[in-house]
Amino acid sequence: MDNKRWYDKEPTLSLAISLIKNSKLPLQLQCAELIKSRAIDLGITLKTNLLGAFNYVLNRWYDSSEQLTEAFDYLKEADDETRKQIAIEVIEFLEKSEKCCQ
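Residues numbered from 1 in each chain as written. Predicted model: local features only at pLDDT ≥ 70, side-chain atom pairs only at ≥ 80, totals over all residues. Heavy atoms only, no water.

Within the protein chain one finds five helices and zero strands. For the protein chain, the α and β elements follow one another from N to C terminus as α-α-α-α-α. Taken across its 102 residues, the protein chain has 32% of its residues classed as buried. The long-range fraction of contacts in the protein chain, counting pairs at least 24 apart against all pairs at least 6 apart in sequence, stands at 75%. As displayed, the protein chain offers around 7,000 Å² of accessible surface, 53% of which is attributable to carbon and sulfur atoms. (Helix = DSSP H or I, 4+ residues; strand = E, 2+ residues; numbered from the N terminus. Buried < 20%, exposed > 50% of the residue type's maximum accessible area, 1.4 Å probe, protein only. Contact = heavy atoms within 4.5 Å. Areas by Shrake-Rupley, 256 points an atom, 1.4 Å probe, with all protein chains shown as cover.)

This is the structure in structure tokens:
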């Protein structure tokens, strides 16, 4: 039985998500905006599901922020290669943020 989360199946994506999770909220929100912006640039669109939105239970760490939830929805819609590409950009962004704030 495979109990991995959807983002743990690819190591680069898993690292990016872990780094986001361990960041402070303002940086998490910047990452969410980066993910959304890159996904849109790469032609990813979200499927709307209004009924699902009303029946949704918020129990994942990233559900505490609408921006993070939306960003992760964009990642879920992306193909594997696009997810990895965005994950690399997020990791690079977080590395630059860490260097500038030390």
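Right, let's talk about helix H4 (residues 66–77) for a bit. With 12 residues, H4 should reach 16 Å at 1.5 Å per residue; the first-to-last C-alpha distance of 17 Å fits that figure. Buried residues of H4: Leu 68, Thr 69, Ala 71, Phe 72, Tyr 74 and Leu 75, and no others. Tucked inside the fold, the buried residues of H4 contact helix H1 (11–21), helix H2 (25–41) and helix H5 (80–100). (Expected span 1.5 Å × (residues − 1).)

What follows deals with H5. In a regular helix each residue adds 1.5 Å, so 21 residues correspond to 30 Å; H5 covers 30 Å between its end C-alpha atoms and thus fits that length. Taken as a whole, H5 has its buried residues at Thr 82, Arg 83, Ile 86, Ala 87, Val 90, Ile 91, Leu 94 and Ser 97. One side-chain oxygen at the N-terminal end of H5 lies 3.0 Å from the backbone nitrogen of Glu 81; it belongs to Asp 79. (Polar contact = N/O pair within 3.5 Å; in protein donor to acceptor, adjacent residues only side chain to side chain.)

Here the second largest pocket is characterised by a volume of approximately 170 Å³. The wall of the second largest pocket is formed by Leu 19, Asn 22, Ser 23, Leu 27, Ile 91, Leu 94, Glu 95 and Glu 98. Looking at the lining of the second largest pocket, the element that brings in the most residues is H5, giving four residues. Class assignment for the residues of the lining of the second largest pocket results in four nonpolar, two polar and two charged. (1 Å grid on protein atoms, 1.4 Å probe; cavity = no way out; pocket = protein on both sides within 12 Å on 5 of 7 lines; lining within 4 Å. Points joined across faces, edges and corners; volume = space filled by probe spheres on them. Nonpolar A, V, L, I, M, F, W, Y, C, P; charged D, E, K, R; others polar.)

Here we take up the packing of H1 against H5. Direction vectors running N to C along H1 and H5 enclose 40°, while the axes themselves pass 8 Å from each other. The angle between H1 and H5 falls in the class oblique. For the pair H1 and H5, the sense of crossing is left-handed. Between H1 and H5, the contacting residues are Thr 12, Leu 13, Leu 15, Ala 16, Leu 19 and Ile 20 on the first element and Arg 83, Lys 84, Ala 87, Ile 88, Val 90, Ile 91 and Leu 94 on the second. For the contact of H1 with H5, the residue count by class is 10 nonpolar, one polar and two charged. (Axes fitted to C-alpha atoms, helices over the stretch in contact; angles between N-to-C directions. Parallel < 35°, antiparallel > 145°, perpendicular 65-115°, else oblique. Left-handed = near helix turned anticlockwise from the far one by under 90°.)

One way to put it is that H2 packs onto H4 with a least axis distance of 8 Å and a crossing angle of 35°. Of the two elements, H2 crosses H4, and the hand of that crossing is left-handed. Facing Gln 28, Leu 29, Ala 32, Ile 35, Lys 36, Ala 39 and Ile 40 of H2, the residues of H4 in contact are Gln 67, Leu 68, Glu 70, Ala 71, Tyr 74 and Leu 75.

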